[in-house]
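Commentary on secondary and tertiary structure
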Amino acid sequence: MTVRILTLSLLILYPVAWFAPLMRAGLLPIFGLSEISVITGLQSLWGSDVILALTVTIFAIFAPYLKTIGLALVQWNLLDRRTQPVLHVLGKLAMADVFLIALYITLAKGIGYATIETAWGLYLFTGCILASLVLGLLTQRQTAP
């Protein structure tokens, strides 16, 4: 029952993580820092690069949320447990965007003209992704024949 409740809690935590600040960024420290979230980043991308925006939307929003919905359905016996390999792949796709965010932060810090500070939303978003992976493994063990 605990695994089910934790899985359902991710359905609430993901949207919070999407709007939470992932980082604060600015050009040189004296100009102030703007907060960047998954949603504000996507809004910016949709205006400049639709293909990249679509890719990030799939990895950051749809993949983790669909995986979580699928896990909940398997846990409540509303979806066949044989779908778990597909859910596992969705979890791996969701982890790709956390890697990309970390890469962007590393690159921006290396430039020297930009100031980047990580914010609490990055940890929340990463925690949601990792929790989803763990809950997927626990679900797989519990539903194994």
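Relevant structure appears above.
Since the structure is predicted, the reported quantities are computational estimates derived from the model, not experimental observations.

Where a protein is soluble and globular, its nonpolar side chains tend to be buried together. One finds Y14, W18, V38, I61 and F125 to be the most contacted residues of the largest nonpolar core, which totals 22 residues. Those elements giving two or more residues to this core turn out to be α1 (2–19), α2 (38–48), α3 (50–75), α4 (84–111) and α5 (120–142). Leave out the neighbours within four places in its chain, and Y14 touches P64, Y65, T68, F125, C128, I129 and S132.

Counted by the stated rule, this structure contains 3 aromatic pairs. Where Y14 meets Y65, the ring centres are 6.4 Å apart and the plane angle is 75°; that geometry is what we call edge-to-face. With Y14 in helix α1 and Y65 in helix α3, this pair connects stretches of sequence that are 51 residues apart. In this structure Y14 comes out as buried when scored by relative accessible area, which is 0%. Taking 5.4 Å as the distance between ring centres and 55° as the angle between the ring planes, the aromatic pair formed by W18 and Y65 counts as tilted. In this pair, W18 sits in helix α1 while Y65 sits in helix α3, placing the two residues 47 residues apart along the sequence. One aromatic cluster in this structure is built from Y14, W18 and Y65. For the cation-ring pair, R4 lies above W76, with the distance from its terminal atom to the ring centre recorded as 4.2 Å.

Parameters and conventions
- Residues numbered from 1 in each chain as written.
- Predicted model: local features only at pLDDT ≥ 70, side-chain atom pairs only at ≥ 80, totals over all residues.
- Heavy atoms only, no water.
- Core = buried A, V, L, I, M, F, W, Y, C linked by side-chain atoms within 4.5 Å.
- Buried < 20%, exposed > 50% of the residue type's maximum accessible area, 1.4 Å probe, protein only.
- Helix = DSSP H or I, 4+ residues; strand = E, 2+ residues; numbered from the N terminus.
- Contact = heavy atoms within 4.5 Å.
- Phe/Tyr/Trp six-rings, centres within 6.5 Å; stacked < 30°, edge-to-face > 60°.
- Lys NZ or Arg CZ within 6 Å of the ring centre and 35° of its normal.

What is shown is where atoms sit, not what they do.
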